[in-house]
Amino acid sequence: MAKGGNILPVVTVVAAILVIWCLAVIPMNAHLTADQAQRDGMTITPESAADRQDYLGLTLALKNPAIIPLTFVHNRPRLPSPHQVADEMFRTVFGENITSRRSLIYHGWVTLSATLLGFVIGTTLGILLAIGIVHNRTMDKSVMPWAIVSQTIPILALAPMIIVILGSIGIQGLLPKSVISAYLSFFPVVVGMVKGLRSPGAMQLDLLRTYHASDPQGLWKLRLPASIPYLFASLKIGISAALVGAIVGELPTGAKAGFGARMLVGDQYGQPLVTWAALFAAAITAAGLLAILSLLERRTLRHMGMVAS
Amino acid sequence: MMGYLIALVIWIGGWWLNTKLSHSPASDTRSVSLIIPIIFGVTIVLMWEVLVRMLGVSAVILPAPSDIAVQFANSIPLLWADLRQTIIKGALTGYIIGMAAAFGVAIIADRSEFLTKGILPVGAFMAALPIVGTAPIFVKWLGSDWQSKAAVVSVMVFFPILVNTVAGLKDSTAIQRDLMRTYGAGYWSTLFKLRIMVAMPFIFNGLKIATTLALIGAIVAEFFGSPTLGMGFRISTSVGRLAMDMVWAEIIVAAVVGTAFYGGMAFIEKRVTFWHPSQR
């Protein structure tokens, strides 16, 4: 992504987002901070908390400039400041033992392992079905429209049911979440791979026929290599969907472990920092997975001579 | 045993029919291309019905399609109320806000080469993140009613629409822009008469991706808190009391609405971008 001259604009945009975030912290937390400061003995201009409710956060902060620095360090903020989130993440990533339930690495691994298992299952099945669709006209005509329609349906809504059904027949832990990740990554891979396996032109297919190549040979020597760019495009969609699936799959299980459970715990026990840290950790995980896939993509395509390096 | 046998017969029958149809000379006509997947779907539903009935599968695990249909018919007022809460108030409002914000930012960003270069990669990156995870935060800020759902949806749809719009606005060629200049067109008339039109295929690509995201956002956000109404609320509470037929009824609604929303966008796209090679 970073091609020479693009770094500066990207950094600028990111910096602008951070500045907006920091500015938003002041009005968002002004009321909470004013209440807290009053309890600690500071004088706040409208004295009763009820009167303060009539003020906008920004007006309140401007009337009491003394509370502005305090809005950034409130314990249970409505909007935590960037450094608080970074602090919380640093503490729960490096400060805790990996096996501890307080460690974000532990929760991350719970989510990541379900994501990866589901992703591998979904991708494998997706590729197999795509090969079937390309070689069998009946399958193509019967299944392909459904695979395309599935892309327009919020199938993620099935997640709570799958968790409970699999739980009721005694399957718990990693597998139910992987099932969700698997079917979420399955359909994009099917659609992308069918496109990819069909991408060789008539000329190329004819050439193979003049070589008297069999169907499997055509698959291995022409269709599969030609489909690799499409495969990577679908893998990137699939891995993001798989991660979201695993996180949502963690919501209805009574919140034991994983990013989804952390978000829910932080939400229910009034610990916004826990929610925010889990959210950012999930985002970083997604970014990491995508970066790995992009790297693999670039290396594979270069190895196959599809891009000029 | 009998159940498996009947299911197998149904499968063979459906597959045989589809094989006949898909290898017949009329297989590429519109009606046959539509009938084949429908036969496939009916085959699956019939097998599902037979297997559930004959094997006595508990309704807690998998209700029979006929049970789901009965539940659906009996709870239409409830399903409609849920749909209004989640889709019309939550998803649609959020979709429109997110779309408007994305267009606004795209047009501002488009004025500067520097901003475009920054926003494109950042936006593409954000679009790939699990934004639906912000749902608990928005529920905390905006309360559990539809406003928080609309907020989650608008953030989710914002990035794909933004990235596609910014990319689309760059798509007009130098010759086209030069032509506009020879007509004496200024920035705004070039924008509205040429560049937004050229960007339409891209914009609709983003809008179509966003339809599914909007529904996902509105439904999943309700898992984190909602009034006693809404599709996500109904799904999570029905799962809790093991009323799987109700869950399936909601999923049918979600599927129909999702397809209709996407189909509606695709229809508008066809009308607007009739000139594009992909539509001819």
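Residues numbered from 1 in each chain as written. Chains lettered and ligands numbered in written order. Predicted model: local features only at pLDDT ≥ 70, side-chain atom pairs only at ≥ 80, totals over all residues. Heavy atoms only, no water.

Asker: Hey, could you run me through the overall build of chain A in this one?
Answerer: Within chain A one finds 13 helices and zero strands. Each helix and strand of chain A, placed in order from N terminus to C terminus, yields the pattern α-α-α-α-α-α-α-α-α-α-α-α-α. Here the C-alpha radius of gyration of chain A, 26 Å, is well above what a compact globule of 309 residues would show, namely 19 Å. Taking the principal axes of its C-alpha atoms as reference, chain A extends roughly 90 × 55 × 40 Å. Counting over 309 residues, chain A shows a buried share of 49%. The long-range fraction of contacts in chain A, counting pairs at least 24 apart against all pairs at least 6 apart in sequence, stands at 71%. Only carbon and sulfur atoms are counted for the fraction: they give 67% of the accessible area of chain A, which is about 15,400 Å². Positive and negative side-chain charges in chain A, numbering 23 and 14 respectively, have mean positions lying 13 Å apart. (Helix = DSSP H or I, 4+ residues; strand = E, 2+ residues; numbered from the N terminus. Rg over C-alpha atoms; globule rule 2.2 N^0.38 Å. Buried < 20%, exposed > 50% of the residue type's maximum accessible area, 1.4 Å probe, protein only. Contact = heavy atoms within 4.5 Å. Areas by Shrake-Rupley, 256 points an atom, 1.4 Å probe, with all protein chains shown as cover. Lys, Arg positive; Asp, Glu negative; His and termini not counted. Charge placed at Lys NZ, Arg CZ, Asp CG, Glu CD.)

Asker: How should the domain arrangement of chain B be read in this particular structure?
Answerer: Bring the parts together and some accessible area is lost; that lost area is often taken as the interface size. Its domain assignment divides chain B into domain 1 (2-57) and domain 2 (72-279). Placing the centre of domain 1 of chain B and that of domain 2 of chain B at their C-alpha centroids yields a distance of 35 Å. (Domains from an automatic or database assignment.)

Asker: Please clarify how the packing of helix H3 (residues 65-74) of chain B against helix H11 (residues 244-272) of chain B should be interpreted in this entry.
Answerer: Helix-helix packing is characterised by the crossing angle of the two axes and by the distance between the axes. Residues and elements named next belong to chain B. Two elements in contact, H3 and H11, have axes whose closest approach is 8 Å; the angle formed by their N-to-C orientations is 75 degrees. Overall, the two elements H3 and H11 adopt an arrangement that is roughly perpendicular. For the pair H3 and H11, the contacting residues are Asp67, Ile68, Gln71 and Phe72 in the first and Asp245, Met246, Trp248, Ala249, Ile252 and Val253 in the second. The residue makeup of the contact of H3 with H11, split by class, is seven nonpolar, one polar and two charged. (Axes fitted to C-alpha atoms, helices over the stretch in contact; angles between N-to-C directions. Parallel < 35°, antiparallel > 145°, perpendicular 65-115°, else oblique. Nonpolar A, V, L, I, M, F, W, Y, C, P; charged D, E, K, R; others polar.)

Asker: Sorry if this is basic, but what is going on with the side chain of Lys149 of chain B here?
Answerer: Residues and elements named next belong to chain B. Residue position: Lys149 is located in helix H7 (residues 146-169). No salt bridge is formed by the buried Lys149. Its closest oppositely charged neighbour is Glu222, at 5.8 Å. Once residues within four sequence positions are removed from consideration, Lys149 is found in contact with Gly90, Val139, Ser144, Ala218, Ala221, Glu222, Gly225 and Ser226. (Salt bridge = Lys/Arg side-chain N within 4 Å of Asp/Glu carboxyl O.)

Asker: Got a minute to help me understand the environment of Leu231 of chain A in this structure?
Answerer: Residue and element names in this part refer to chain A. Looking at where Leu231 falls in the secondary structure, it is placed in helix H11 (residues 215-249). A relative accessible area of 13% places Leu231 in the buried class. In sequence terms Leu231 and Asp215 are 16 residues apart; their C-alpha atoms lie 20 Å from each other. Discounting chain neighbours no more than four positions away, the residues touching Leu231 are Ile127 and Met193.

Asker: Quick question: what am I supposed to make of the interface of chain A and chain B here?
Answerer: Contacts between the two partners involve 54 residues from chain A and, on the opposite side, 51 residues from chain B. Each partner contributes to the roughly 4,500 Å² buried at the junction of chain A and chain B, and carbon and sulfur atoms together form 79% of this total. At the junction of chain A and chain B, the tally comes to three salt bridges. In this structure, Asp28 of chain B engages Arg137 of chain A in a salt bridge whose closest nitrogen and oxygen atoms are separated by 3.4 Å. At the junction of chain A and chain B, the tally comes to 10 residue pairs in polar contact (both at pLDDT 80 or more). Residue composition of the side of chain A that touches chain B, grouped by class: 38 nonpolar, 12 polar and four charged. (Buried area = accessible area lost by both parts, 1.4 Å probe. Polar contact = N/O pair within 3.5 Å; in protein donor to acceptor, adjacent residues only side chain to side chain.)

Asker: How should unusual backbone geometry be read in this particular structure?
Answerer: Working note: non-glycine residues mostly have negative phi, and peptide bonds are mostly trans. At His212 of chain A, a position not held by glycine, the phi torsion is positive, near 60 degrees. Structurally, His212 of chain A is set in the loop between helix H10 (202-210) and H11. On the basis of relative accessibility, which here comes to 73%, the residue His212 of chain A falls in the exposed class. In this structure, Leu242 of chain B takes a positive phi of about 60 degrees despite not being glycine. In this fold, Leu242 of chain B is placed in the loop between helix H10 (231-240) and H11.

Asker: Looking at this model, I keep getting lost on the packing of aromatic side chains. Mind explaining?
Answerer: Given two aromatic rings, their pairing is described by the distance between the two centres and the angle made by the two planes. Scanning the entire structure with this criterion turns up 15 aromatic pairs over all chains. Relative to Phe94 of chain A, the ring of Phe90 of chain A lies with its centre 4.9 Å away and its plane at 45 degrees, an arrangement referred to as tilted. Here Phe94 of chain A and Phe90 of chain A lie together in helix H5 (residues 82-94), a separation of four residues that amounts to about one turn. Both residues of the pair, Phe90 of chain A and Phe94 of chain A, belong to the exposed class. Aromatic pair Tyr187 of chain B and Trp188 of chain B: ring centres 4.9 Å apart, planes at 80 degrees, arrangement edge-to-face. The ring of Tyr187 of chain B has Arg111 of chain B sitting right over it, with the charged end atom 3.7 Å from the ring centre. (Phe/Tyr/Trp six-rings, centres within 6.5 Å; stacked < 30°, edge-to-face > 60°. Lys NZ or Arg CZ within 6 Å of the ring centre and 35° of its normal.)

Asker: Teacher, can you tell me more about the nonpolar core here?
Answerer: For soluble globular proteins, nonpolar side chains are generally found buried alongside one another. By size, the foremost hydrophobic cluster in this structure holds 109 residues, and its most contacted members are Leu156, Leu158, Met161, Ile180 and Val248 of chain A together with Tyr95 and Leu207 of chain B. What Val248 of chain A contacts, discounting residues up to four positions off in sequence, is Leu156 and Ala159 of chain A together with Val220 and Phe223 of chain B. Of all hydrophobic cores here, the second largest spans 28 residues; its members include Ala130, Ile131, Ile133 and Val194 of chain A. (Core = buried A, V, L, I, M, F, W, Y, C linked by side-chain atoms within 4.5 Å.)

Asker: Please explain the domain arrangement of chain A as it appears in this structure.
Answerer: Residues and elements named next belong to chain A. The domain boundaries assigned to chain A delineate domain 1 (4-79) and domain 2 (104-303). Just the C-alpha atoms count here: the centres of domain 1 and domain 2 sit 40 Å apart. On the side of domain 2, seven residues touch domain 1, which itself brings six residues to the contact. Interface of domain 1 and domain 2: buried area, both sides summed, is about 430 Å²; carbon and sulfur atoms make up 68% of it.

Asker: When you look at the packing of helix H4 (residues 76-110) of chain B against H11 of chain B in this model, what are you seeing that I'm missing?
Answerer: Residue and element names in this part refer to chain B. It is at 11 Å that the axes of H4 and H11 come closest, and there the two elements cross at 40 degrees. Regarding the angle of H4 to H11, the classification is oblique. Both H4 and H11 take part in a crossing whose hand is right-handed. Here Leu78, Leu79, Asp82, Leu83, Ile87, Leu92 and Tyr95 of H4 lie close against H11, whose contacting residues are Met246, Ala249, Glu250, Val253, Val257, Phe261 and Met265. (Left-handed = near helix turned anticlockwise from the far one by under 90°.)

Asker: What's the story with helix H12 (residues 259-268) of chain A in this structure? I'm lost.
Answerer: Structurally, the α-helix is built with 3.6 residues per turn, so residues lying three or four positions apart point the same way. Of all 10 residues making up H12 of chain A, eight are buried, and the element is well covered by its neighbours. The set of residues buried in H12 of chain A consists of Phe259, Gly260, Ala261, Arg262, Met263, Leu264, Gly266 and Asp267 of chain A. In the core, the buried residues of H12 of chain A are packed alongside helix H6 (104-135), H11 and helix H13 (272-303) of chain A together with helix H6 (135-142) of chain B. After H12 of chain A finishes, the residue Gly270 of chain A shows a positive phi value of roughly 60 degrees.

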